[in-house]
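Residue-level structure breakdown
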Amino acid sequence: MKQLIGFLLLFFVSEIRSFDLIIDEITDDLENLFDLEVDGFLSSPMTRNGRYQRSTLNDEDSGESVEGADKISIQNYKVQSTITSRLVNTMIQSKVVNKAKHAQNLVFDVQIPKGAFIHNFTMNVNGITFTSSIREKSAARQQYAQARARGKAAGIVRSSALDMQNFKAELNVPGGTKVQFEIHYQEVIQRKLGAYEHVISLQPGRIAKHLEVDVRIIEPQGLRFVRVPNSLGDHFAGITTISQGEKKAHVSFKPTVAQQRKCPTCSATAVDGNFVVTYDVRREAKAGELEIFNGYFIHYFAPDNLDPLPKNILFVIDVSGSMWGLKMKQTVEAMKTILGDLRPEDLFSIIDFNHNVRSWRDDLVTATPSQTEDAKKYIQGIQPNGGTNINEALLRAIFILKEASNLGMLDPNSISMIILVSDGDPTVGELKLTTIQRNVKQNIPDDVSLFSLGIGFDVDYDFLERLAHENHGMAQRIFGNQETSSQMKQFYNKVSTPLLKNVEFNYPRESVSGVTQGSFHSYFGGGEIVVAGKVDTDNVQHLQSVITATAANADLVLETLADVEGLDDFLKKEEHADPKFTERLWAYLTINQLLAERNLAPTAALKRNISKSILQMSLDHHIVTPFTAMLIENPDGDERMLADSPKDPKRGCCPGTLGVAPNSLDNSTPPWVKPTAKTLFSSALKAPTLSTIPSFTSVDNDPHFIIHLLKRQENICFNIDSEPGKILNLVSDPDSGVVINGQLTGAKTHVNKKMSTYFGKIGFYFKNKGLKVEISTETITLKDGSYSTMLSWSDTGSIIRKRLLVSVKKNSKVTITVDAEMSFLVLLHRVWKNHPVNVDFLGIYIPPTNQFSSSAHGLIGQFMLEPEVRIYNERPGQDPEKPEATMEVKGHKLTVTSGLQKDYRTDQVFGTKVHCWFVHNSGKGFIDGHYKDYFVPNLYSFLKNP
């Protein structure tokens, strides 16, 4: 394995591509073989002939020095986007140098928009360029396996997603080494609320010597406006330049080193956020534009001069216990605004549900001021609690709409819709997701659309997305934070103005084939419908489409005619235009449509046929989909990496940064490094980590402490070996009045003369509220003076008292939320009742967002104010797979060992491996004093004299 390239690469691909569909195509032995992460970055500028031009490293550095104390600097950070008729090609390029004398592991991270297709990757190290090719998944895996068997494989790319896609690179860079990475991806930007929005995640992580964002827009329809909102903050006001012509524009953002600094004397960068460009095109009264180029046509349809159709809308709102606090507060705020925006001709009602289902009104009512005010009061009075009965709530909503239709209450030209707002899986009533989908599909009328809003990180968004797509709607993830309200309102604004329904596009069959999406359930104001297809004959000069739809006043018939020659003349003269934009856009739309159709296919045979079509298109157009993988090779083809997809697509992602990672890898030199070069990369057999979900500080197992250092993005671990019955203080914060203690329980017998101990009870004391919560492996008890209430682990439910919520998920976890400001997670681990050794136990997880005071202490509490930690001098350990390093902390120099621990939040049986530096001797030197100093007399005792 010493010949491995040893750099880690990880990118996440959009959840819209349904990665669960490939799981049955991957054998277990291959999954075990590929249980490895790889890291990198990518992109190549494209030439006019569509080939990728290799970039070269420029060894000449100039300008102000920008490296920090770690001697790491970004020499160049460049983003180039070219938009040709809504199709965006984006390149992100980063050149980094390690000016230190010792090797350092660097972490790079870049985010790309959800739904974008990555289709090229290059890496240049020491004059050697690695390039990529797209292969059928099993063939790529086989080639990778062969390379690995010969000791020539670098590793495997894993992919997953949330709302953004994440490409992450981690590599060991020797002193004086420069590395350049490039990523190239494409996307089709959609029109929302009357404008197109191109979003670039700009998070270099530190100051770059040369930083540049360059966006070129080419729109044959003509540009109505181009704007760059101040999304990066007032710090960069006036730096962006915009040059706009009739049909093209150029946006440039080039902050100097001084302008990048947060303050004149700061070393941190102020460039941290999204760089956003918005624009719209000119439209004629016909509201449609047909573009034909190189054998493909694209039809854009976006009429805005129509009266809105009346809406019949049912809001179905989850009010289970997990919605308590900020989520419910923000939902209420959003709903009050939404209700106020209803039109007098709209009909509406509200259903709220937990384990029961309630209706504000049993039928639809007109959106008069008095009715909407009454609805706002009803929403304001909701108190979340209990379980989640999604099935019954949706069936109730469908029944109300059906009854209204049968009674003749609905305008024939109106649009009927259901908007579901939920943050969790069903826990009451029908629990099987496929059964709920079937029940909804069988009962919902064909002219009703279902829209899903999934709130938070834990929601089963795939399920909500399938519900929406099966029923003429769309889904959106709403992240549960301070922006929940605005996110909900933005989503509603997209669907609040239906202008047309039953939209049909008809093209002459003799002229076109392969048409993508010829009919649409409805069209909403501010959006756009895009249809694409192939033109069969080369001599077609004009292509006509007849569009029919139902409008507010009468049926609508529109004709759209394309002028081929005008587009040809314009694009051939425009040097920055993508000459294959029509073909790429058609492929993009077609693959996404096929993936959606496959997800809804009723038979296995149909799924197989669709899968073959997706695979062929992926290979033809060189893009990574669930059926392909990216094989990355050096020029000789004997060093390989594999870009592949994961088993679990539901994990989140983290912001893009450049930082210094722990040196946890072997430093053997790959054979392809030039003889004059120092060691560039290390071989890497590194298990999957939790870089894809938010990191917590935790105590779990027997008991293992994982202290997450938020600033360093580092985990430090230690174990406490004590006696059963002892109570350890975890958090003691006298200023905020919060105490968390854990009581140890022992295993059933000694193993190798050692008695393992676990947390059998965890006590929470919120002094300022006078509330105590005791969680054992049997019960969950909330105490308020003489008042006491109890839940069993066999229950799913919630307890609320004095703005403290205790929410229990059956035989799984307890979540404690305090004033919507603090939260704690306790996991239950059940073992086989007659297990000869092990016992049931608890684990506790504390998010870094909890705000404790500066007086907080305890085995965990003392790290809420992060100490200064330096880890260096990585070297081989006694175990070849566990390197050692020196850690400086709190005036101590400690020898720490690189290793893996388990986080059980996403997998309570096997856990998910996380990397950490292990401190020996019960954390001695890392924790203040000795671990015995943290013994307390009972579950609710504050720590004395820390």
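Everything in this summary refers to the structure shown in the same document. In this text the structure is predicted, and so the values were computed from the model without any measurement. (Residues numbered from 1 in each chain as written. Predicted model: local features only at pLDDT ≥ 70, side-chain atom pairs only at ≥ 80, totals over all residues. Heavy atoms only, no water.)

Section: the overall build of the protein
Scanning the protein from terminus to terminus reveals 13 helices and 52 strands. The buried share of the protein, reckoned over its 946 residues, is 59%. In the protein, 71% of the contacts between residues at least 6 apart in sequence involve partners at least 24 apart. Accessible area for the protein stands at about 37,800 Å²; split by element, carbon and sulfur atoms hold 47% of it. (Helix = DSSP H or I, 4+ residues; strand = E, 2+ residues; numbered from the N terminus. Buried < 20%, exposed > 50% of the residue type's maximum accessible area, 1.4 Å probe, protein only. Contact = heavy atoms within 4.5 Å. Areas by Shrake-Rupley, 256 points an atom, 1.4 Å probe, with all protein chains shown as cover.)

Digging into the side chain of threonine 757
Turning to its location among the elements, threonine 757 is positioned in strand E40 (residues 757–766). Not counting residues within four places of it along the chain, the set of residues in contact with threonine 757 comprises Asn701, Asp702, Pro703, Ile720, Ser722, Glu723, Pro724, Leu744, Thr745 and Gly746.

Focus on the state of the cysteines
For the coordinates displayed, the defined rule picks out two disulfides. A sulfur-sulfur separation of 1.8 Å characterises the disulfide bridge that pairs cysteine 263 with cysteine 266. Sign of the S-S torsion, about 95° for the bond between cysteine 263 and cysteine 266, identifies this disulfide as right-handed. Given a relative accessible area of 25%, cysteine 263 falls into the partly exposed group. Judged by relative accessible area, which is 21%, cysteine 266 ranks as partly exposed. Across the disulfide, cysteine 717 is cross-linked to cysteine 916 (sulfur-sulfur distance 2.3 Å). Judged by the torsion about the S-S bond (-130°), the cysteine 717/cysteine 916 disulfide is left-handed. Of this pair, cysteine 717 sits in strand E37 (residues 714–719) while cysteine 916 sits in strand E52 (residues 912–919), placing them 199 residues apart in sequence. Cysteine 916 matches cysteine 717 in its accessibility class, with the two residues each being buried. (Disulfide = S-S within 2.5 Å.)

Quick notes on the packing of aromatic side chains
By the definition in use, this model includes 25 aromatic pairs. Ring geometry for phenylalanine 451 against phenylalanine 524: centres 6.1 Å apart, planes inclined by 75°, an arrangement best described as edge-to-face. Note that phenylalanine 451 is positioned in strand E24 (residues 448–455) and phenylalanine 524 in strand E28 (residues 519–524), a separation of 73 residues in sequence. For the pair phenylalanine 451 and phenylalanine 524, one class covers both residues: buried. Through a chain of ring-to-ring contacts, three or more aromatic side chains come together here, namely Phe301, Phe505, Phe520 and Tyr523. (Phe/Tyr/Trp six-rings, centres within 6.5 Å; stacked < 30°, edge-to-face > 60°.)

Digging into the pairing of strand E9 (residues 177–188)
Most of E9 is tucked away: 12 of the 12 residues are buried. In E9, alternate side chains face the same way, and those of Thr177, Val179, Phe181, Ile183, Tyr185 and Glu187 on one face and Lys178, Gln180, Glu182, His184, Gln186 and Val188 on the other are all buried. Across 12 bridges, the pairing between strand E3 (residues 87–98) and E9 is antiparallel. Its bridge partner lying in E9, valine 88 is registered against glutamate 187. Note: strand E5 (residues 117–125) against E9, eight bridges, orientation antiparallel. (Pairing = 2+ DSSP bridges.)

Notes on the nonpolar core
Ile740, Phe764, Ile775, Ile816, Phe824, Met887 and Phe926 are the most contacted members of the largest nonpolar core, which totals 63 residues. In terms of residue count, E40 provides more of this core than any other element does, five residues in total. In this structure, Val179, Tyr196, Leu202 and Ile217 belong to the second largest nonpolar core, which totals 46 residues. (Core = buried A, V, L, I, M, F, W, Y, C linked by side-chain atoms within 4.5 Å.)

Description of the sheet that holds strand E30 (residues 544–550)
Taken in spatial order, the four strands make up an open sheet running E28-E26-E30-E31, and their pairing is antiparallel. Pairing within the sheet leaves two strands with one partner each, and these edge strands are E28 and strand E31 (555–561). Averaged over all pairs of adjacent strands, the angle between their axes in this sheet comes to 30°, without regard to strand direction. Relative to E30, strand E26 (residues 498–506) runs antiparallel, the two sharing four bridges. Bridge pairing in E30 places phenylalanine 505 opposite isoleucine 547. (Axes fitted to C-alpha atoms, helices over the stretch in contact; angles between N-to-C directions.)

Side note on unusual backbone geometry
A negative phi holds for most residues other than glycine; trans holds for most peptide bonds. Not every positive phi belongs to a glycine, and asparagine 294 is a case in point at roughly 55°. Tracing the sequence through the fold places asparagine 294 in the loop between strand E17 (288–293) and strand E18 (296–301). Here asparagine 701, not a glycine, exhibits a phi torsion of approximately 60°, which is positive. You can see asparagine 701 is positioned in the loop between strand E35 (697–700) and strand E36 (704–709).

Digging into the pattern of salt bridges
For the coordinates displayed, the defined rule picks out 28 salt bridges. We note a salt bridge from aspartate 819 to arginine 803, for which the minimum N-O separation is 3.4 Å. Taken together, the residues span a long stretch of sequence, with aspartate 819 in the loop between strand E46 (813–818) and strand E47 (822–829) and arginine 803 in the loop between strand E44 (797–801) and strand E45 (804–809) at a distance of 16 residues. Judged by its relative accessible area of 24%, aspartate 819 is partly exposed. Residue classification places arginine 803 among the partly exposed residues on the basis of a relative accessible area of 49%. As a salt-bridge pair, lysine 893 and glutamate 888 come within 3.9 Å of each other at their nearest N and O atoms. According to the relative accessible area criterion, lysine 893 is exposed, its value standing at 61%. Because the salt bridges share partners, they merge into one network encompassing Arg86, Arg191, Glu219, Arg224, Asp280, Arg283 and Glu528. (Salt bridge = Lys/Arg side-chain N within 4 Å of Asp/Glu carboxyl O.)

Comments concerning the environment of histidine 857
Inspection of the secondary structure assignment puts histidine 857 in the loop between strand E48 (841–846) and strand E49 (869–875). The buried category is assigned to histidine 857, whose relative accessible area is 11%. Remark: the alpha-carbon pair of histidine 857 and tyrosine 934, spanning 77 residues in sequence, is separated by 9.6 Å. There is a polar contact of 2.9 Å between the side chain of histidine 857 and the side chain of aspartate 928. (Polar contact = N/O pair within 3.5 Å; in protein donor to acceptor, adjacent residues only side chain to side chain.)

A short note on the sheet that holds E17
Spatially, four strands are ordered E17-E18-E29-E27 in an open sheet, and the strand pairing comes out antiparallel. Whereas interior strands pair on both sides, the edge strands pair on one side only; in this sheet they are E17 and strand E27 (512–516). Averaged over neighbouring strand pairs, the angle between their axes works out to 20° when direction is ignored. Sheet topology places E17 next to E18; six bridges connect them, and they run antiparallel.

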